[in-house]
Amino acid sequence: MKSFLRGELLTKTFKIPGKEDLTVFQDLSFDIKKGEFICCIGHSGCGKSTVLNILSGLDKATSGVALLNDKVIDKPGLSKAVVFQNHSLLPWMTALKNVEFGVAAKHRDWSKKQVREHSENYLKMCSLEPAMHRKPSQLSGGMRQRVGLARAFALESELLLLDEPFGALDALTRGAIQDELVNICNQTEQTIFMITHDVDEAILLADRIFLMSNGPYATIAEIVKVDIPKPRERASIFKDKNYYATRNHIIDFLVNRCSEVREKPKAGAGGPIVMPPEVSPQGSEESLELAEQA
Amino acid sequence: MTTLNDKLKAALLSLLFLVLFLGFWFIVTKRPTVETKAVVIEASQVSELTTEALTAADVTELSGKGLTFDQLKQISGMGVSLEDINAAGGVEAFGFTTGGVAEEATETTGFPGPVLVWKESWEMLKDPFYDKGTNDKGIGIQLKYSLMRVGIGFTLAVLVAVPLGFVIGMFPLISMALMPYIQILKPISPLAWLPVALYVIKDSESASIFVIFICSVWPMLINTAFGVASVKKDYLNIGNTLELSKLEQAFRIILPATAPTIFTGMRISIGIAWLVIVAAEMVIGGIGVGYYVWNEWNGLNLAAMLFAIVVIGVVGLILDLMIAGLVKKFSYVEL
Ligand SMILES: Nc1ncnc2c1ncn2[C@@H]1O[C@H](COP(=O)(O)OP(=O)(O)OP(=O)(O)O)[C@@H](O)[C@H]1O
Ligand SMILES: [Mg+2]
């Protein structure tokens, strides 16, 4: 299959006045197919948000390129909906107006009524109907995050970039919104790149999970292919034979290996594009039985 | 939040301060009430003054009001009765000044007390729009002219300062190029522009409007530029991801984000404009509250002058509250 979203030797260096330059990640390459759900896991500060900002076009890589449909991503746009880590909403507008603002910008030929109905649908989907007419300052942290999600969903763009979208949600709401997210991507064939800290969430949602090593000079150390058939149910996913194998593999990486893979790269970025190794942890039937007994 | 109870307490305290102030003012400006200096006229002289119209009792009453023998002699010579005199409005109507009246007249040249100011104010408020010639117009008319000048000058300043502030805020290069000039022009007293304006425009009306314009422009310009330059990057990012045009970005994101700062600038400006118009009108003359204050001072009508000063304060407060309302309407809670 043709690649949809592609990173080629992405490197980001921050110049900090009076200090040494900080290279957050270097020679990051990956290839995402249309309709894939990608989760990105890594320790705090390893550069996940920075990668996402580059993919959204809001930030620029120091070297290397990101391509969407074989076109270089050089500016933000409607084809790439973003849910920011700080769910930036416009504080002078109500939740509904915030969503409508995006919808009206995308569908300029729509009537007011069309825009409103479309926006309300997505707000309802994120169970925000009762809070629709309140301003962000009058919403809880989780509600704000859901408004940000509703706004991104309502844009129905090809690529959805989510930066820890469920961070401020309690377990219950989180589950409900995760289900919505699964629904939405089943319906719309959106490609999703999502940053998360929650391993279970990643296994539930993702086709592939990018594991990032610690910075500086971070990179995608490994890509875990989640070999669990979809649709997956939160209640039954742990019964799959590959579930624990995948989970253990990721946790082992985060605890033991994410800092050791860091190698001081050669001076100067560049070189051939090397895709990160892909693994697909497999569990045996016996291990599942063992786990069940335990 | 202040509770209702606190507000009530504050109101009562305010009232107390007012009463104390008025009391102090009253006591300081109080004069011994002037007794009418009765003139004693001997019986032999009274008979000299009585005529067919004027009885002896009338003569005693008039002399009791302070008329001297010579004055009474004149009155009796005119052949008028006491009724005639009272009907005409007293002896003053005939051009006589009595000792008592003369004393009262001197009282108005001293600093007026609250009672007198109140009486004078009431007279003015009863008919604020009377027009009895160039130097005698009601306070309402004066205010109308001052407000008109401030209104025009201020509106022009808004029309210049807000768009220019936007440009300065959006383009750092222009900001850096213009800032030195703004920094130099800003601290110049608006009144210093008055002679320049008078010379160039040669029309006092336009000159005063120009002075208002020049003093209102800076706070708005600087506030707008600062507000626009410091709009949160996140808000701009939202506009960018939605592919808004530059113009949409300016009107849908930057303008609402900066509105509270812009209106705060306007609030500062209108306050300064109202301060400056009074001074400008004192210099230019003609009409307006500033000139009115000056004119009353020249006429030594201190009570009217004090009244006008209070009116200036009240109108300034109203102007401020109006824009404060706008600031509140457009302000939002940052997240
Ligand atoms: N504008 C900047 N200037 C300098 N350094 C920066 C800047 N932005 C980010 N960094 C640094 O880059 C690194 C990666 O930041 P980033 O926000 O991408 O982390 P993250 O992986 O998203 O972390 P988290 O999981 O906590 O959100 C951090 O060490 C941070 O200090
Ligand atoms: Mg982050």
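Residues numbered from 1 in each chain as written. Chains lettered and ligands numbered in written order. Predicted model: local features only at pLDDT ≥ 70, side-chain atom pairs only at ≥ 80, totals over all residues. Heavy atoms only, no water.

Now for the overall build of chain B. Within chain B one finds 15 helices and zero strands. Radius of gyration (C-alpha) of chain B: 31 Å, far over the 20 Å computed for a compact globule of 335 residues. With respect to the principal axes defined by its C-alpha atoms, chain B has extents near 110 × 55 × 30 Å. Relative to its 335 residues, chain B shows a buried fraction of 40%. Intrachain contacts of chain B at a sequence separation of at least 6 include 71% that bridge at least 24 residues. As presented, chain B carries roughly 19000 Å² of accessible surface, and 69% of it is formed by carbon and sulfur atoms. (Helix = DSSP H or I, 4+ residues; strand = E, 2+ residues; numbered from the N terminus. Rg over C-alpha atoms; globule rule 2.2 N^0.38 Å. Buried < 20%, exposed > 50% of the residue type's maximum accessible area, 1.4 Å probe, protein only. Contact = heavy atoms within 4.5 Å. Areas by Shrake-Rupley, 256 points an atom, 1.4 Å probe, with all protein chains shown as cover.)

The final tally for this structure, using the stated rule, is two cavities of 30 Å³ or more. As a volume, the largest cavity reaches approximately 70 Å³. Around the largest cavity sit Ala81, Val82, Phe84, Arg151, Ala152 and Leu155 of chain A together with Ile238, Thr241 and Leu242 of chain B, which together line it. Elements that contribute at least two residues to the lining of the largest cavity include exactly strand S6 (80-83) and helix H4 (141-155) of chain A together with helix H12 (233-241) of chain B. Ranked by residue count, the leading element in the lining of the largest cavity is H4 of chain A, at three residues. Counted by class, the lining of the largest cavity contains seven nonpolar, one polar and one charged residues. Of the voids in this model, the second largest cavity is the one considered here, and its volume is about 50 Å³. The greatest single-element share of the lining of the second largest cavity, amounting to three residues, is contributed by helix H14 (residues 289-298) of chain B. (1 Å grid on protein atoms, 1.4 Å probe; cavity = no way out; pocket = protein on both sides within 12 Å on 5 of 7 lines; lining within 4 Å. Points joined across faces, edges and corners; volume = space filled by probe spheres on them. Nonpolar A, V, L, I, M, F, W, Y, C, P; charged D, E, K, R; others polar.)

This part is about the domain arrangement of chain B. Here chain B is partitioned into domain 1 (1-29), domain 2 (43-110) and domain 3 (139-330). Taking only C-alpha atoms, the centre of domain 2 of chain B and the centre of domain 3 of chain B are 60 Å apart. (Domains from an automatic or database assignment.)

What follows covers the pattern of salt bridges. All names here are of chain A. The tally for this structure, following the rule as stated, stands at 22 salt bridges over all chains. Aspartate 198 is paired through a salt bridge with arginine 174; the nearest N and O atoms lie 3.4 Å apart. Of this pair, aspartate 198 sits in the loop between strand S8 (191-195) and helix H6 (199-205) while arginine 174 is found in helix H5 (residues 171-188), placing the two residues 24 residues apart along the sequence. You can call aspartate 198 partly exposed: its relative accessible area is 25%. (Salt bridge = Lys/Arg side-chain N within 4 Å of Asp/Glu carboxyl O.)

Let us now look at the sheet that holds strand S11 (residues 278-279) of chain A. Residue and element names in this part refer to chain A. The mixed open sheet is built from seven strands, whose spatial order is S6-S7-S8-S3-S9-S10-S11. At either end of the open sheet lies a strand with only one pairing partner, and these are S6 and S11. As paired strands, strand S9 (residues 208-212) and strand S10 (residues 220-225) are joined by five bridges and run antiparallel to one another. Bridged to isoleucine 209 within S10 is valine 224. (Pairing = 2+ DSSP bridges.)

Moving on: the interface of chain B and chain A. Counting residues at the interface gives 17 residues for chain B and 23 residues for chain A. Summing the contributions of chain B and of chain A, the shared interface buries around 1900 Å²; its carbon and sulfur component is 72%. Among the residues of chain B in contact with chain A, Thr241, Leu242 and Leu335 of chain B are the three that bury the most area, contributing 34% of the side total. Where chain B meets chain A, there are one salt bridge. Glutamate 248 of chain B is paired through a salt bridge with arginine 108 of chain A; the nearest N and O atoms lie 2.6 Å apart. Seen at the junction of chain B and chain A, the total is four residue pairs in polar contact (both at pLDDT 80 or more). Of all the elements in the fold, those that place two or more residues in the side of chain B that touches chain A are H12 and helix H13 (246-284) of chain B. Here the side of chain B that touches chain A takes six residues from H12 of chain B, the largest share from any one element. (Buried area = accessible area lost by both parts, 1.4 Å probe. Polar contact = N/O pair within 3.5 Å; in protein donor to acceptor, adjacent residues only side chain to side chain.)

All names here are of chain A. Between its first and last C-alpha, H4 extends 22 Å over 15 residues, near the 21 Å set by a 1.5 Å rise per residue. Burial analysis of H4 places 14 of its 15 residues in the buried class, the great majority of the element. Phi for glutamate 156, located one or two positions after H4, is positive at around 45 degrees. (Expected span 1.5 Å × (residues − 1).)

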